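Residues per chain are reported as follows:
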Amino acid sequence: MKKALIYSLVILFNTSIGYAQILPGTLDVSGMPSFVQSIEDTVKEAGADDNTVGFESDFDATVISYVLDPTSIPLIGGVTSSEQNCSLNIFRYTVYMHTDYTPPGLLIEAKTTFNSGVRFPLSSPYDNLPVQPLGPRDLTPTSGSSYIAIPNNGGQAIKVFEFVGCRTDIPIQFRIKASATVPGVIATYNIHYTVVGSLL
Amino acid sequence: MKNKQFIIVALSIVQVFFCNAQETINANDPNSFIFGGDSDFNTATLELQEILLTDLEPDPGNTISFGVNPSDMEAGKPVTGAGGTSVNEDIWLNFTYRGINYRNARILVYANQPLPADLEIKIQVIATANTGGNYNPNPNYNPIVASTSEQVLVYDFASGYTGDGEGTGYQLRYTIDNPNGASLPTGFEIIYEIR
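For the structure given in this document, a descriptive report is provided here.

Calculation rules
- Residues numbered from 1 in each chain as written.
- Chains lettered and ligands numbered in written order.
- Predicted model: local features only at pLDDT ≥ 70, side-chain atom pairs only at ≥ 80, totals over all residues.
- Heavy atoms only, no water.
- Contact = heavy atoms within 4.5 Å.
- Buried area = accessible area lost by both parts, 1.4 Å probe.
- Salt bridge = Lys/Arg side-chain N within 4 Å of Asp/Glu carboxyl O.
- Helix = DSSP H or I, 4+ residues; strand = E, 2+ residues; numbered from the N terminus.
- Polar contact = N/O pair within 3.5 Å; in protein donor to acceptor, adjacent residues only side chain to side chain.
- Disulfide = S-S within 2.5 Å.
- Buried < 20%, exposed > 50% of the residue type's maximum accessible area, 1.4 Å probe, protein only.
- Phe/Tyr/Trp six-rings, centres within 6.5 Å; stacked < 30°, edge-to-face > 60°.

## Observations concerning the interface of chain A and chain B
A common way to report how large an interface is uses the accessible area buried once the components associate. Counting residues at the interface gives 60 residues for chain A, matched by 45 residues for chain B. In total, about 4400 Å² of surface goes out of reach between chain A and chain B, with carbon and sulfur atoms giving 55% of it. Broken down residue by residue, the surface that chain A buries against chain B is led by Ala46(A), Gly47(A) and Gly184(A), which jointly contribute 12%. At the boundary of chain A and chain B, one finds two salt bridges.

Shown next, in the form of structure tokens:
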């Protein structure tokens, strides 16, 4: 009981500190998605556009992780590990995505699933709080399990999902809808991910 | 009172609008949103298939019959001049095309077997239309006499699609000249090939 009370006080203390500053973190993006259309994925009716069909990537074509950075402890010295920071500093993170240099007629959509990925660390004193200020350390897709169209414009990066607390190994699946006018050449495009932390 | 209600309703509508709007940020300007967080990117590779599709609409039902109504026949007059159907303008040609490495395509027409002597079929593009398509028509408007030799019906065009169905793409005119009333061989077809 005393232990829980101490954890609660630590969390509340960190939360109040957090209002002054959200700790810095690092986004890791892994995977080089390869979108290869098969014959079965192409339009079958002459005259219709090829974007009426579409095709999907693997469910984990890209995997992203976001954890807080280790910090040094002033005066005392030493380092607070990433795991410790993530355990004691709980924020809400929103993930926005956009692409660049994709040709007209090419639509890239993305999605993940509810609570995909892994909490980091797996358990935290925050999980045992009677009242969790930001809710449970879950991941919530913006539009359920539906795909979201990724804009080809960094000025309009779109929210795809959000999560509470640090999280690793979040899989992202893509769906491609390409007009017949999109050139049949092997092309590469950048997909950008922006994580924004917040206190609420 | 009415003004107050109107304002409340208007505010509700505005709020509903904002709730339904998808949330976006200007990721090009981190100073506009970053309190804490990070950004990164990866590179995706895209490889699309070549598409070469063409069909004749209405489909099914694009078989053309040129017949003669016996009651219209008159001794001394040619059979096709006796009122039998000799022209058909009901068929529309559609295509969907994606070229590899920006290669253009053409549409060729030919018969799958020789026509009987004294029987001539002409094929001609008489109009183009675009309903829901995205393409550059570039047709050959000259009448083409059907034969087993390939002939160009549509000159070079880039990737695109005509829209699907009748009333879009290329309207074709079939004209038959059959003074001796010959029949086409069984299984006779006129073939359109996009290449």
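## Topic: the environment of Lys111(A)
All names here are of chain A. Mapped onto the elements of the fold, Lys111 is located in strand S8 (residues 106-111). With near-sequence residues (within four places) excluded, Lys111 lies in contact with Ser145, Ser146, Tyr147, Pro171, Ile172 and Gln173. Only 3.4 Å separates the side chain of Lys111 from the backbone oxygen of Ser145, close enough to count as a polar contact.

## Some thoughts on the state of the cysteines
Residues and elements named next belong to chain A. Applying the stated criterion across every chain, the model contains one disulfide over all chains. Linked covalently through their sulfurs, Cys86 and Cys166 form a disulfide whose S-S length is 2.0 Å. One quick way to see it: the torsion about the S-S bond of Cys86 and Cys166 is about -80°, and its sign makes the bridge left-handed. Of this pair, Cys86 sits in helix H2 (residues 82-88) while Cys166 sits in the loop between strand S12 (157-164) and strand S13 (167-178), placing them 80 residues apart in sequence. Residue class for Cys166 comes out buried when judged on its relative accessible area of 1%.

## Concerning the side chain of Asn140(B)
All names here are of chain B. Relative to the helices and strands, Asn140 is located in the loop between strand S6 (120-129) and strand S7 (144-145). One polar contact links the side chain of Asn140 to the main-chain amide nitrogen of Asn142, over a distance of 3.0 Å. The residues contacting Asn140, other than those within four sequence positions of it, are Val125, Val152, Leu153, Val154 and Tyr155.

## Let's talk about the packing of aromatic side chains
Remark: the centre distance and the inter-plane angle together describe each pair of aromatic rings, the angle taken between the planes. All names here are of chain A. A full pass over the atoms with the stated rule returns 10 aromatic pairs over all chains. Arranged with centres 4.7 Å apart and planes meeting at 50°, the rings of Tyr66 and Tyr93 form a pair that is tilted. Residue Tyr66 is found in strand S4 (residues 62-68), and its partner Tyr93 is found in strand S7 (residues 92-100); the two are separated by 27 residues along the sequence. Owing to a relative accessible area of 1%, Tyr66 belongs among the buried residues under this scheme. Ring centres of Tyr93 and Phe163 lie 5.5 Å apart, and the angle between their planes is 40°; on these two criteria the pair is classed as tilted.

## A look at the environment of Asp38(B)
Mapped onto the secondary structure, Asp38(B) falls in strand S2 (residues 37-47). When its relative accessible area of 23% is taken as the criterion, Asp38(B) is described as partly exposed. Leaving out residues up to four positions away in the same chain, Asp38(B) has contacts with Gly25(A), Thr26(A), Leu27(A), Tyr66(A), Tyr193(A), Thr194(A) and Val195(A). Separated by 2.8 Å, the side chain of Asp38(B) and the backbone nitrogen of Leu27(A) make a polar contact.

So yeah, pure geometry; function would need other evidence.
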